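A look at the structure
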Amino acid sequence: MTCFTRPWILFACLALGLVTRLGAQELTMLYGGMQTEGKSSYAYQVDYRQNFIRYAAASVAYINEGHIVGHHRDGTAFELWGRLPLFNDRFAVSVGAGTFYFYDTQFKPGGGTANIHGTALIYSASATAYLGGRWFVRANVNRISPQTQLQTTTSTLGLGFWFGQGMKPTKGRLGDAPDEYKYVTDPQLTFFGGQTVVNTFLSPSAQAYAAEYRRGIIPHLDWTVSGIYEGDPEIVRRRGVAAQVWAVNTFFDDHASVGVGVGPYVYIDHKHPAPSDQRNPAAVAPLVSFTLATALSEHWVARLMFNRVTSSYDRDADMFFIGLGYRWSRKSG
């Protein structure tokens, strides 16, 4: 039950910002280091932040804490922020706190690999310098404090892009959308190719494929049904069907979009068949996904997709896809 409820909390946090479209939208890529108990490694972070009012924001971030002996940990953080704009809004300092849902690949005592899932408190501080136009530079520090696992500190520096209406986030202008904004995603059929990476210390991988049908329900809320083949990375061979609900947002007159989706993934793993007393070989796992899409023309769309499968038998996997989709008008769909 826990594996399903945590992704829905993440979805609700991002959906609140996307559906209401309050304030500026900031996407940041950061890289740096991680420190824990005298050990160190690299760290990187992809952060999407939404300013609700001038002094408050919320964010959803993917954080990878690098690799140290016995631990490969990453996960998703969702935080609330207090922010203080300075120097006529060309600089801002922020402090945040929230929850980090993590996936930690560890050694089993008897050999093999365990995928440990859990939650931790996360405390953060950041400083942002707006360069003009839409670009900014951000320094960020996170303290991640699970009760029974490694406590870490990540320090990263990165470049960000502001998706507001104007060219830069000036005072009193946080990028609010028009009140009558009613965009709903047109029906789309997309075919993907990419790679599956299973979360063990050897990280076995394989070519993977998927097909997705997407349709908007209401403004900023989509649903999809997907067929997925994860390939054959030797220790799993899964294929199945996923149904997801998505929080989405669009930019640049609807030519680009971002979104996060969650839902059940019903699959069959031919490397791990069902027990003899179980007639149905299918199993179900939570699927959390992130996407970025851009319109190539009136009907054609290019889409990037990241999927995380959360298994119950130490076979978590990441799927990285690039796809080409065709969309048509709702009037004809």
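Report follows, based on the coordinates.

What counts and how
- Residues numbered from 1 in each chain as written.
- Predicted model: local features only at pLDDT ≥ 70, side-chain atom pairs only at ≥ 80, totals over all residues.
- Heavy atoms only, no water.
- Helix = DSSP H or I, 4+ residues; strand = E, 2+ residues; numbered from the N terminus.
- Buried < 20%, exposed > 50% of the residue type's maximum accessible area, 1.4 Å probe, protein only.
- Contact = heavy atoms within 4.5 Å.
- Areas by Shrake-Rupley, 256 points an atom, 1.4 Å probe, with all protein chains shown as cover.
- Pairing = 2+ DSSP bridges.
- Axes fitted to C-alpha atoms, helices over the stretch in contact; angles between N-to-C directions.
- Salt bridge = Lys/Arg side-chain N within 4 Å of Asp/Glu carboxyl O.
- Core = buried A, V, L, I, M, F, W, Y, C linked by side-chain atoms within 4.5 Å.
- Phe/Tyr/Trp six-rings, centres within 6.5 Å; stacked < 30°, edge-to-face > 60°.
- Lys NZ or Arg CZ within 6 Å of the ring centre and 35° of its normal.
- Patch = residues over 30% accessible without salt bridge, like charges linked within 9 Å, V, L, I, M, F, W, Y side chains within 5 Å.

Within the protein one finds one helix and 16 strands. The proportion of buried residues among the 333 residues of the protein is 51%. Excluding contacts between residues fewer than 6 apart, the proportion of contacts in the protein whose partners are at least 24 apart in sequence is 57%. For the protein, the exposed surface amounts to about 15,400 Å²; the carbon and sulfur share of it is 62%.

Turning our eyes to something else, we now look at the environment of Arg237. Here Arg237 is to be found in the loop between strand S11 (221-229) and strand S12 (238-251). For Arg237, a relative accessible area of 25% gives the class partly exposed. It is 8.1 Å that separates the C-alpha atoms of Arg237 and Ile268, two residues lying 31 residues apart in sequence. The contacts of Arg237, once residues within four sequence positions are left out, are Gly231, Asp232, Ile268, Asp269, His270 and Lys271.

Another point: the sheet that holds strand S4 (residues 71-86). Judged by pairing direction, the barrel is antiparallel, and its eight strands sit side by side in the order S1-S2-S3-S4-S5-S6-S7-S8 before closing back on the first. Geometrically, the sheet is characterised by an average inter-axis angle of 25° between neighbouring strands, direction not taken into account. Here strand S2 (residues 39-53) pairs with strand S3 (residues 56-68) via nine bridges, running antiparallel. Looking at the pairing, Ile53 lines up with Ala56 of S3.

According to the stated counting rule, one finds eleven salt bridges in the structure shown. Counted as one network, the salt bridges with shared partners bring together Asp74, Arg308 and Asp318.

Further remarks concern the nonpolar core. If you look at the biggest cluster of nonpolar residues, it comprises 15 residues, and the most contacted ones within it are Ile228, Tyr265, Leu287, Val309, Met319 and Phe321. Put simply, the parts of the chain that give this core at least two residues each are strand S10 (205-218), S12, strand S13 (256-269), strand S14 (283-295), strand S15 (300-309) and strand S16 (317-327). Broken down by element, this core gets its largest block of residues, three residues, from S12.

For the structure on display, the rule yields 18 aromatic pairs. Relative to Phe321, the ring of Phe192 lies with its centre 5.8 Å away and its plane at 45°, an arrangement referred to as tilted. Taken together, the residues Phe192 in strand S9 (residues 188-198) and Phe321 in strand S16 connect sequence positions 129 residues apart. Accessibility classification places Phe192 together with Phe321 in one group, the buried group. Connected via pairs of aromatic rings, a cluster forms that spans Tyr42, Tyr44, Tyr62, Phe290, Phe306 and Phe320. Cation over ring: Arg214 sits above Trp246, and NZ or CZ is 4.3 Å from the ring centre.

On to the sheet that holds S15, then. Taken together, the eight strands give a closed barrel; going around it, the order is S9-S10-S11-S12-S13-S14-S15-S16, and neighbouring strands pair in antiparallel fashion. Ignoring strand direction, the axes of neighbouring strands in this sheet form an average angle of 25°. Bridge analysis of S10 against S11 gives nine bridges, and the strand direction is antiparallel. The partner of Tyr213 across the bridge, within S11, is Val225.

This next bit is on a nonpolar patch on the surface. Taken together, the side chains of Leu131, Trp135, Val137, Leu157 and Leu159 make up a nonpolar region of the molecular surface, amounting to roughly 470 Å² of accessible area. Mapped by element, the contributors of at least two residues to the nonpolar patch are strand S7 (135-145) and strand S8 (152-162). Mapped onto the fold, Trp135 is located in strand S7. Judged by its relative accessible area of 43%, Trp135 falls in the partly exposed class.

Unusually for a residue other than glycine, Asn88 sits at a positive phi of about 55°. Mapped onto the secondary structure, Asn88 falls in the loop between S4 and strand S5 (91-107). Since its relative accessible area comes to 64%, Asn88 is described here as exposed. Of note, Glu234 is a non-glycine position whose phi angle comes to about 75°, a positive value.

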